[in-house]
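One-letter residues, chain by chain:
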Amino acid sequence: MPERAYIAIGSNLGDRRAYLEAGLKEVATLPNTRLAEVSQAYETPPVGPVAQPDFLNAVFAIETSLAPESLLAALLAAEKKHQRQRRIHWGPRTLDLDLLLYGERVVESADLTLPHPHMHERSFVLVPLCEITPHLRHPVTGQPFAAYLAALNGSEAKAVGSLALPAIP
């Protein structure tokens, strides 16, 4: 039976919108996976110690029968296909796909942590997540993600419009 998973998507190099739309298409065409919801795109400042361009970020939901580990592997393959290079931690990137939530599952392994360990601290994740699912709660704490967003005292995320959704045959 399919489960709902939430994925953050971002880019701050090249044609950022095209990278986000390509990433959506990559995920939407995975086997046993259906794109369910997509937030607007938001322009946000980068996080981390490296000077770099602003990001375009969004969050989307999928319904999938892929196991969380298989989904993560597919996300990493999509990043690599779009020239994502992991040279600098929190550095610039063409495409960033982060698995935030997979149903109510809590996973801690060498390769995967669910829920994403920092998602509740980042407005660039919380703003689009709360846009598409305002009543969603953290599977460990039970707190609404909207409460985490409110605790951040504002957001530097600026809505810049919808992304083109992929045409799925």
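Overview of the structure. (Residues numbered from 1 in each chain as written. Predicted model: local features only at pLDDT ≥ 70, side-chain atom pairs only at ≥ 80, totals over all residues. Heavy atoms only, no water.)

## Things to note about the overall build of the chain
Piece 1. Across its full length, the chain carries four helices and eight strands.
Piece 2. In sequence order, the secondary structure elements of the chain are arranged as β-α-β-β-β-α-β-β-β-α-α-β.
Piece 3. For the chain, whose C-alpha radius of gyration is 15 Å, the value lies close to the compact-globule estimate of 15 Å for 169 residues.
Piece 4. C-alpha atoms of the chain, sized along the principal axes, occupy 40 × 35 × 35 Å.
Piece 5. A gap of 4 Å separates the mean positions of the 15 positive and 18 negative side-chain charges of the chain. (Helix = DSSP H or I, 4+ residues; strand = E, 2+ residues; numbered from the N terminus. Rg over C-alpha atoms; globule rule 2.2 N^0.38 Å. Lys, Arg positive; Asp, Glu negative; His and termini not counted. Charge placed at Lys NZ, Arg CZ, Asp CG, Glu CD.)

## Concerning helix α3 (residues 123–132)
Piece 1. Burial runs high along α3: eight of the 10 residues are buried.
Piece 2. Along α3, the positions that sit buried rather than exposed are Ser-123, Val-125, Leu-126, Val-127, Pro-128, Leu-129, Cys-130 and Ile-132.
Piece 3. Considering only its buried residues, α3 is in contact with β1 (3–11), β2 (33–38), β3 (41–44), β4 (55–64), β5 (96–102) and α4 (145–151). (Buried < 20%, exposed > 50% of the residue type's maximum accessible area, 1.4 Å probe, protein only. Contact = heavy atoms within 4.5 Å.)

## Side note on the environment of Val-38
Piece 1. Of note, Val-38 is situated in strand β2.
Piece 2. Classification of Val-38 as partly exposed rests on a relative accessible area of 23%.
Piece 3. As a C-alpha pair, Val-38 and Leu-163 span 125 residues in sequence and 8.0 Å in three-dimensional space.
Piece 4. Discounting chain neighbours no more than four positions away, the residues touching Val-38 are Leu-24, Val-59, Phe-60, Ile-132, Leu-163 and Leu-165.

## Examining the pattern of salt bridges
Proximity of charged atoms lets side chains of opposite charge pair with each other.
Piece 1. This model, assessed by the stated rule, comprises six salt bridges.
Piece 2. Across the salt bridge formed by Arg-4 and Glu-37, the nearest N and O atoms sit 2.6 Å from each other. Here Arg-4 is found in strand β1, whereas its partner Glu-37 is found in strand β2, with 33 residues between them in sequence.
Piece 3. Here Arg-4 falls in the partly exposed class, since its relative accessible area comes to 26%.
Piece 4. A salt bridge links Lys-81 to Glu-26; the nearest nitrogen and oxygen atoms lie 2.8 Å apart. Taken together, the residues Lys-81 in helix α2 (residues 68–81) and Glu-26 in helix α1 (residues 16–28) connect sequence positions 55 residues apart.
Piece 5. On the basis of relative accessible area, Lys-81 is assigned to the exposed category, the value being 52%.
Piece 6. Members of the salt-bridge network, linked through shared partners, are Arg-4, Glu-37 and Glu-63. (Salt bridge = Lys/Arg side-chain N within 4 Å of Asp/Glu carboxyl O.)

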